[in-house]
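Here are the chains, one letter per residue:
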Amino acid sequence: MQYWLFKTEPDAFSIDDLATMPKQTEHWDGIRNYQARNYLRDQIKRGDQVFIYHSSCKNVGIVGVAEVVKEGYPDHSQFDPDSKYHDPKSDPDAPRWYMVDIKLKQKFAGLLSLKDIKAMPDIQDFALVKKAYRLSIMPVAQNEWHKLISRAP
DNA sequence: GCCAACGTTGGC
DNA sequence: GCCAACGTTGGC
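No experiment lies behind these values; they were computed from the predicted model shown.

Parameters and conventions
Residues numbered from 1 in each chain as written. Chains lettered and ligands numbered in written order. Predicted model: local features only at pLDDT ≥ 70, side-chain atom pairs only at ≥ 80, totals over all residues. Heavy atoms only, no water. Helix = DSSP H or I, 4+ residues; strand = E, 2+ residues; numbered from the N terminus. Rg over C-alpha atoms; globule rule 2.2 N^0.38 Å. Buried < 20%, exposed > 50% of the residue type's maximum accessible area, 1.4 Å probe, protein only. Contact = heavy atoms within 4.5 Å. Areas by Shrake-Rupley, 256 points an atom, 1.4 Å probe, with all protein chains shown as cover. Lys, Arg positive; Asp, Glu negative; His and termini not counted. Charge placed at Lys NZ, Arg CZ, Asp CG, Glu CD. Polar contact = N/O pair within 3.5 Å; in protein donor to acceptor, adjacent residues only side chain to side chain. Near = heavy atom within 4 Å. Nonpolar A, V, L, I, M, F, W, Y, C, P; charged D, E, K, R; others polar. Salt bridge = Lys/Arg side-chain N within 4 Å of Asp/Glu carboxyl O.

Engineer: Looking at this model, I keep getting lost on the overall build of chain A. Mind explaining?
Structural biologist: Scanning chain A from N- to C-terminus turns up four helices and six strands. If you list the helices and strands of chain A from N to C, you get β-α-β-α-β-β-β-α-β-α. Taking 15 Å as the expected radius of gyration for a compact globule of 153 residues, we find that chain A reaches 15 Å, a close match to that expectation. When its C-alpha atoms are laid out on the principal axes, chain A stretches across 45 × 30 × 30 Å. When each of the 153 residues of chain A is scored for burial, the buried share is 45%. Sequence separation of 24 or more characterises 72% of the internal contacts of chain A that already satisfy a separation of 6 or more. Counting only carbon and sulfur atoms, one obtains 47% of the accessible surface of chain A, whose full area is about 8,400 Å². Separation of charge centres in chain A, based on 22 positive and 21 negative side chains, amounts to 6 Å.

Engineer: Honestly, the environment of Trp97 in this entry has me stumped. Any pointers?
Structural biologist: Locating Trp97 in the fold gives a position in the loop between strand 4 (61-74) and strand 5 (98-113). In this structure, the C-alpha to C-alpha distance between Trp97 and Ala12, residues 85 residues apart in sequence, is 20 Å. Non-local contacts of Trp97, meaning those with residues more than four positions away in its chain, are made with Ile31, Arg32, Asn33, Tyr34, Arg37, Tyr73, Pro74, Asp75, Gln78 and Asp87. Within polar-contact distance, the side chain of Trp97 engages the side chain of Asp87 at 2.8 Å.

Engineer: Is there a simple way to think about the protein's contact with DNA strand C in this case?
Structural biologist: In the neighbourhood of DNA strand C, the contacting residues comprise Lys7, Tyr53, Ser55, Ser56, Val60, Leu114, Lys118, Tyr133 and Arg134. Restricting the count to atoms of DNA strand C within 4 Å of the protein gives a sugar and phosphate share of 79%. Residue Lys7 places a side-chain N or O atom 2.9 Å away from a phosphate oxygen belonging to DNA strand C. Contacts to DNA strand C include Ser56, whose backbone N or O atom sits 3.0 Å from a phosphate oxygen. Tallied by class, the residues present in the surface near DNA strand C amount to four nonpolar, two polar and three charged.

Engineer: Sorry, what's going on with the pattern of salt bridges here?
Structural biologist: Where charged atoms from two side chains of opposite charge approach closely, those side chains can pair. Going through the model one piece at a time under the given rule, you end up with six salt bridges. In this structure, Asp42 and Arg41 form a salt bridge, with 2.9 Å as the shortest nitrogen-oxygen distance. Residue class for Asp42 comes out partly exposed when judged on its relative accessible area of 39%. Under the relative-accessibility criterion, Arg41 is labelled partly exposed at 36%.

Below, the structure is given as structure tokens:
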């Protein structure tokens, strides 16, 4: 089993939105970055654990945990001309973009803020606090996961 | 809203 | 295949 961090802008889709979905499950569409796509298509497996991270908002940080319930499959929004994620260059026979389904496991009682995370010792290798932190989906090492979980409010 | 850091595109 | 220009991300 592997661990991941998925970013979302809560104004668009928050952990509370995930909580209100049927079965508290939703497909994680709209990822349009090749490195993140590779994770979605090739590496993220059923049962993997995912931190939900709220970005581009007043209170940035990790807000809860979800579990992967469906492995990578083509993101249908790439073929929808009305979607803001529409990609006319994507070939239906060789889809460019993938997504997975995740199910909410736990919403934290509070926010594990980016500030708190950055203040944690021995977390400097965590991708979120390094230069590549713009990735919308990033791996989390097992020891990092446990350190972060232990700090969750 | 600013701006630094990336990622992508496209001309050559 | 290089690299400048452009677009996007995301913390502050």
